[in-house]
Amino acid sequence: MGLMHLINTLSLDPVAAIRTGLRIVHFIGLALGLGAATVLDLMIFRFFLNGKVTSERWAIFDFGSKIVNAGLLLLWITGFGFLAYYGAFEPIKFGNEKVWAKMLIVLILTINGLFIHAVILPKVKAQIGRSLLAGMSTRQKSVLLTSGAISATSWYVPLLLGALPQLNFVVPMTTILLAYALILALVAAVSHGVLLVVPNGSGDGVSARGPLMEQAIAA
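Here is a short report on the structure shown in this document.

Next up on the list: unusual backbone geometry. We note that Phe169 has phi near 60°; this positive angle belongs to a residue other than glycine. In this fold, Phe169 is placed in the loop between helix H5 (138-162) and helix H6 (173-197). Classification of Phe169 by relative accessible area gives partly exposed; the value is 45%.

Counting residues in hydrophobic clusters, the biggest one holds 33 residues, and the most contacted among them are Phe48, Phe61, Val124, Leu132 and Trp155. Where this core is concerned, the elements lending two or more residues are helix H2 (14-48), helix H3 (55-89), helix H4 (97-126) and H5. Ala101, Ala149, Ile150 and Leu161 belong to the second-largest nonpolar core, a separate cluster that totals 13 residues.

The next thing to look at is the packing of aromatic side chains. Evaluation of the coordinates by the stated rule reveals seven aromatic pairs. Aromatic side chains Tyr86 and Phe94 sit 6.2 Å apart centroid to centroid with 90° between the ring planes, which places their arrangement in the edge-to-face category. Taking relative accessible area as the criterion, Tyr86 reaches 13% and is therefore assigned buried. Its relative accessible area of 32% is what places Phe94 among the partly exposed residues. Three or more aromatic residues link up through ring pairs in this structure, and these residues are Phe82, Tyr85, Tyr86, Phe89, Phe94 and Trp100.

A word on the pattern of salt bridges. Following the criterion strictly, the structure yields three salt bridges and no others. Of the charged contacts, one joins Lys66 and Asp62 as a salt bridge, the two residues approaching to 2.7 Å between their closest N and O atoms. Of the two residues, Lys66 and Asp62 both sit in helix H3, four residues apart, roughly one turn of that helix. The exposure class of Lys66 is partly exposed, given its relative accessible area of 46%.

Thresholds applied
- Residues numbered from 1 in each chain as written.
- Predicted model: local features only at pLDDT ≥ 70, side-chain atom pairs only at ≥ 80, totals over all residues.
- Heavy atoms only, no water.
- Helix = DSSP H or I, 4+ residues; strand = E, 2+ residues; numbered from the N terminus.
- Buried < 20%, exposed > 50% of the residue type's maximum accessible area, 1.4 Å probe, protein only.
- Core = buried A, V, L, I, M, F, W, Y, C linked by side-chain atoms within 4.5 Å.
- Phe/Tyr/Trp six-rings, centres within 6.5 Å; stacked < 30°, edge-to-face > 60°.
- Salt bridge = Lys/Arg side-chain N within 4 Å of Asp/Glu carboxyl O.

Structure follows, in structure tokens:
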């Protein structure tokens, strides 16, 4: 009875039902991606940087990265779904530059994620038996830190944009992207500053840098 009542209620306004469905799936994708990425952040912070990368921890880490990928895929599916919805029912939304800024940031996140899976994840796996940064050159560490900064920033900025409807139709895309670039530069600068403090990446005392690296590998 309750299920039929819900179905009947949604059928009264199918357009609203489509919009609600897109939002629900979008939130699920965000929860999976951002949630798993955060867990992986804590995992690297706790085990990889201050201990050894073991086969068991790598297996958990690899599984978590797949959850992040699933979340990112749902974001793309619902993103295009929203564009189709706007085209059919609310074309005025195409004038909201915040939408295009979010799409571009997610594109950057996706490209960075492809790099992570092609380069960073194999490197993490190769570190099994020692700490994550052990034996890496300064250039390799810098690449990891930069990718981490991109991932961390590109996950949280769209979340903040979605939580601020006050920006709709008000703030230009260029302003949003400039703010994104400034945050990214700040995160990258902080992470590289930590790299100077811990040049050998031995894992001792590197806990201050953990939350950046994990995001990169998680994307």
